[in-house]
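Close look at the chain arrangement
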Amino acid sequence: MLETSARLLRLLSLLQTHSERSGVELAERLGVTVRTVRRDIGRLRELGYPVHAVPGAPGYRLGAGTDLPPLLLDDEEAVAVAVGLRTAAGGSVSGIEETSVRALAKLERVLPSRLRHQVHALQSMTVPMGRAGSVVDPAALTAIAAACRDHETLRFDYRAHDGQESVRAAEPCRLVHSGRHWYLLGWDTDRADWRTYRIDRLSLRTPNGPRYVPRDPPDSDVAAYMSRSISSAPYRYQGRFKMYAPAEVVAGHMPATTGTIEPIDERSCMLSSGANHLDELAVWVALMDIDFEVHAPPELVDRVRALSTRLATAAGSSPLGPA
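Here is a short report on the structure shown in this document. Keep in mind it's a predicted model, so treat the numbers as computed, not measured. (Residues numbered from 1 in each chain as written. Predicted model: local features only at pLDDT ≥ 70, side-chain atom pairs only at ≥ 80, totals over all residues. Heavy atoms only, no water.)

Considering all chains together, one arrives at five aromatic pairs under this definition. Connected via pairs of aromatic rings, a cluster forms that spans F156, Y158 and Y197. (Phe/Tyr/Trp six-rings, centres within 6.5 Å; stacked < 30°, edge-to-face > 60°.)

Attention shifts here to the pairing of strand 10 (residues 260-265). As defined by bridge partners, strand 10 adjoins strand 11 (residues 268-275) across five bridges and the pair is classed as antiparallel. In the sheet register, T260 faces strand 11, and the bridge partner there is S272. Hairpin connection, strand 10 to strand 11: the antiparallel pair is bridged by two residues. (Pairing = 2+ DSSP bridges. Helix = DSSP H or I, 4+ residues; strand = E, 2+ residues; numbered from the N terminus.)

On to the nonpolar core, then. With 19 residues, the main nonpolar core has F241, M243, V250, M288 and L300 as its most contacted residues. Elements with a minimum of two residues in this core: strand 9 (237-243), helix 9 (247-251), strand 11, helix 10 (278-286) and helix 11 (298-317). Among the elements that make up this core, the one with the highest residue count is helix 10 (four residues). Those residues in contact with M243 that lie beyond four places of it in its chain are V250, R267, S268, C269, L271, V285, M288, I290, D291 and F292. In this structure, A147, Y158, L184 and Y197 belong to the second largest nonpolar core, which totals 18 residues. (Core = buried A, V, L, I, M, F, W, Y, C linked by side-chain atoms within 4.5 Å. Buried < 20%, exposed > 50% of the residue type's maximum accessible area, 1.4 Å probe, protein only. Contact = heavy atoms within 4.5 Å.)

In structure tokens, the structure reads:
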């Protein structure tokens, strides 16, 4: 006969794999009496599992409760869940990337070594098509998520957008997925300031650094802060434009990480974005097909004038233009 704890796990597994089980069937599968099954059902209920009696029959059914109790998975189920979470963490299912990383960090923490090797082997042999954005190792994401949870300092090699490499140490705060890239928001201990790091540009060092007392994020709206940091701060030029269209209309013309939008009134808004070249800013905004005014930087105003003159001249001299 199985020990009580092992028997409870086996009983739970049997209830999870079929919609209904009779008391006699459960007793036979467990090698105990029907009375022992009834006692074990009571123990599962005390642990938070909603086990219901089947009306009109001496059987049981595992139902849904108000809280999620511990879930028992067999080897194949655990591998399937881990692979699914890794896939979702890569951005293939929009909107659940960060949640998937948190769940994956919890699962991989308790996953037996033999199953972890199966997950890694399956993932390494899977080639996605049409991946948008950068490729990030899910193992790095789960390691960073675990460091955020456990308040452990991260040490890593980092390559900036200009190619410069450095060794960094940061107190990780949040993982953010932009739709194209994964970013880490953290407190850089050497620079004593908040920094944003692209995950595909960092290589973790082991072991992690010392534990730290978590700080309040630099903004209560982390998503808005990250949008500003990603869209403008890293670039040579930060452009500001008054757009003559509602904020939601302008937002529909661009990804959230391309720029930040501040409503002015029902018919206009202020758009901020960055680029390393003035022409990139000018052409990008012009292609939205929305009337706008350039507010900054001053040199962009001159560049827009020069481009508009050139385009007007080209249109006037074209065979399709006025004679």
